[in-house]
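# Structural characterization, general
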Amino acid sequence: MSAVSDRLPTFPWDKLEPYKKTAAAHPDGIVDLSVGTPVDPVPEPVQKALIAAADSPGYPTVWGTPELRDALTRWTERRLGARGVTHHHVLPVVGSKELVAWLPTQLGLGPGDQVAFPRLAYPTYEVGARLARAEHVAYDDPTELDPTNLKLLWLNSPSNPTGRVLSKEELTRIVAWAREHGVLVLSDECYIELGWEADPVSVLHPDVNGGSYDGIVSVHSLSKRSNLAGYRAAFLAGDPAVLGPLLQIRKHGGMMTSAPTQAAVVAALGDDEHVRVQRERYAARRTALREALLAHGFRIEHSEASLYLWATRDESCWTTVAHLADRGILVAPGDFYGPAGEKFVRVALTATDERVHAAVTRLTT
């Protein structure tokens, strides 16, 4: 066991514990804006679908029910503009973090192979490379990488933590470069329905991929758009030549989404109204927090999409974390996402309206 754990970096969130205690000591309680975990109710139609499928004594299938695969194909075409998506182009997974962490291993990558991800990025991209004993490299522009040993290129648009969105032109250029060099592109698009000042585009869109899914796979999650983080519901869409072998591997590993969750996903992807309502909640919280942070002397960079504000006071991120913790507000230090974030903090929009109001009051009085 130690041989595996020794490959991994220190779990970053443990470093926040002292600041969490400080924030929790505030007379009006903590406002936790450090983690992007949903706090609003699971939409009623989704809850009803889960309950209706509760009597599921048999094993579910890894590939999902035909109804689930229909829902995945319809959604990718309706919401992402994808064309010609069949059941062989989709694969449900047990939450997107599991997929990110274990994908390099499931692809058979190892020593000498290289996994690349953005300079500021979700830490699990690196964890996945380490678990597979592969090399990892962070980039500003992936097309400037040496493609010789590059086997897996992670894109993340909208970005966690920065909220940056890659334009259609950027995506098209990167996909073309990766195909030229035989590099598999995995595009993490878990925040794609949460664009504020930009309209995020998927690599599945024909304007990006030229109508072919060769060498590209996108990752999607229901955690944020439908408040289903507790359900562990996500899926892949893209190249069948990649998804087919992954399906076989995941069958052997028993990596299956529960039958009630599969039914809930069908309901969630078939209903756009709850997404609209949730977007309005986040938009209001975003406006309130953004204005309060600016009034408090912060500068906001990127943040045109996703569930975070990427904020700085041009000082060490830990100085900023301590400053806000003294006011009962907990945020994530930017260096959790790479050294380039050392002067930024990530402020999540995932708190109740009451807690957001408390944070705004503390920042502006």
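The structure we're discussing is the one just above.
Now for a description of the structure that goes with this document. All values reported here derive from a predicted model rather than from experimental measurement.

Rules behind the numbers
- Residues numbered from 1 in each chain as written.
- Predicted model: local features only at pLDDT ≥ 70, side-chain atom pairs only at ≥ 80, totals over all residues.
- Heavy atoms only, no water.
- 1 Å grid on protein atoms, 1.4 Å probe; cavity = no way out; pocket = protein on both sides within 12 Å on 5 of 7 lines; lining within 4 Å.
- Points joined across faces, edges and corners; volume = space filled by probe spheres on them.
- Helix = DSSP H or I, 4+ residues; strand = E, 2+ residues; numbered from the N terminus.
- Nonpolar A, V, L, I, M, F, W, Y, C, P; charged D, E, K, R; others polar.
- Pairing = 2+ DSSP bridges.
- Axes fitted to C-alpha atoms, helices over the stretch in contact; angles between N-to-C directions.
- Parallel < 35°, antiparallel > 145°, perpendicular 65-115°, else oblique.
- Contact = heavy atoms within 4.5 Å.
- Core = buried A, V, L, I, M, F, W, Y, C linked by side-chain atoms within 4.5 Å.
- Buried < 20%, exposed > 50% of the residue type's maximum accessible area, 1.4 Å probe, protein only.
- Right-handed = clockwise from strand over helix to strand, strands pointing away.
- Salt bridge = Lys/Arg side-chain N within 4 Å of Asp/Glu carboxyl O.
- Expected span 1.5 Å × (residues − 1).

If you add up the space inside the largest pocket, you get close to 1,200 Å³. Sorting the residues of the lining of the largest pocket by element identifies helix H5 (96-106), strand E3 (114-118), helix H6 (124-131) and strand E4 (135-139) as the ones contributing at least two each. It is H6 that contributes the most residues to the lining of the largest pocket, five residues altogether. Class assignment for the residues of the lining of the largest pocket results in 25 nonpolar, 11 polar and nine charged.

Within the open sheet, the four strands sit side by side as E9-E10-E13-E12. Their pairing is antiparallel. The sheet is open, and its two borders are formed by strand E9 (299-301) and strand E12 (332-333), each paired with just one other strand. In this structure, E12 lies alongside strand E13 (residues 344-348), joined through two bridges in antiparallel fashion. Residue pairing in the sheet places Pro333 in a bridge with Val345 of E13.

Here we come to the packing of helix H2 (residues 17-24) against helix H12 (residues 317-325). Closest axis-to-axis distance for the H2/H12 pair is 8 Å, and the angle between their directions is 25°. Between H2 and H12, the interaxial angle falls into the category roughly parallel. Taken together, the residues of H12 that come into contact with H2 (itself represented by Tyr19, Thr22 and Ala23) are Trp318, Val321, Ala322 and Ala325. Of the residues contributing to the contact of H2 with H12, the split by class is six nonpolar, one polar and no charged.

What follows is about the packing of H5 against helix H9 (residues 240-253). Where H5 meets H9, the axes come as close as 12 Å, and the angle between the chain directions of the two elements is 105°. Viewed along their axes, H5 and H9 adopt a mutual orientation that is roughly perpendicular. Facing H5, whose interface residues are Glu98, Leu99, Leu103 and Gln106, H9 presents Leu246, Ile249 and Arg250. Class assignment of the residues belonging to the contact of H5 with H9 gives a composition of four nonpolar, one polar and two charged.

All right, on to the nonpolar core then. Counting 69 residues, the largest nonpolar core has Leu33, Trp154 and Leu236 as its most contacted members. Apart from residues no more than four positions distant in its own chain, Leu236 is found in contact with His89, Val90, Leu91, Val93, Leu99, Val217, Ser218, Val219, Leu243 and Leu246.

What follows concerns the sheet that holds strand E8 (residues 234-238). Sheets are built from strands paired through backbone hydrogen bonds, the pairs being either parallel or antiparallel. Spatially, the seven strands line up as an open sheet ordered E2-E8-E7-E6-E5-E3-E4, and their pairing is mixed. The strands lining the two open edges of the sheet, one partner per strand, are strand E2 (90-93) and E4. The mean inter-strand angle of the sheet, taken between neighbouring strand axes irrespective of direction, is 20°. As defined by bridge partners, strand E5 (residues 150-156) adjoins strand E6 (residues 184-188) across five bridges and the pair is classed as parallel. Its bridge partner lying in E6, Leu153 is registered against Val185. Seen against the sheet, helix H4 (residues 66-80) touches E2, strand E7 (216-221) and E8 and runs at an angle of roughly 110° to E2.

Here we come to the pairing of E6. With five of five residues buried, E6 is to be regarded as a mostly interior element. Taking every second residue as pointing to the same face, both faces of E6 are buried, with Leu184, Leu186 and Asp188 on one and Val185 and Ser187 on the other. A crossover connection joins E5 to the parallel E6 through helix H7 (residues 168-180); in handedness this β-α-β unit is right-handed. Summarising the sheet, E6 and E7 pair through four bridges and their orientation is parallel. Each residue of the ladder has a partner; that of Val185, found in E7, is Ile216.

What follows deals with the pattern of salt bridges. Tallying each qualifying case throughout the model produces 21 salt bridges. One salt bridge connects Glu197 with Arg286, and the closest N-O pair in it is separated by 3.1 Å. On the criterion of sequence distance, the pair formed by Glu197 in the loop between E6 and helix H8 (206-209) and Arg286 in helix H11 (residues 273-295) is long-range, its members being 89 residues apart. Here the salt bridges share partners, and the residues they tie into one network are Asp28, Glu354, Arg355 and Arg362.

Moving on, we get to helix H13 (residues 353-364). Taking 1.5 Å of rise per residue, the 12 residues of H13 would be expected to cover 16 Å, and the 16 Å separating its terminal C-alpha atoms lies within 8% of that figure. When H13 is considered as a whole, its buried residues turn out to be Arg355, Val356, Ala358, Ala359, Val360, Arg362 and Leu363. Residues of H13 that are buried sit in contact with strand E1 (31-32), H11, H12 and strand E11 (329-330).

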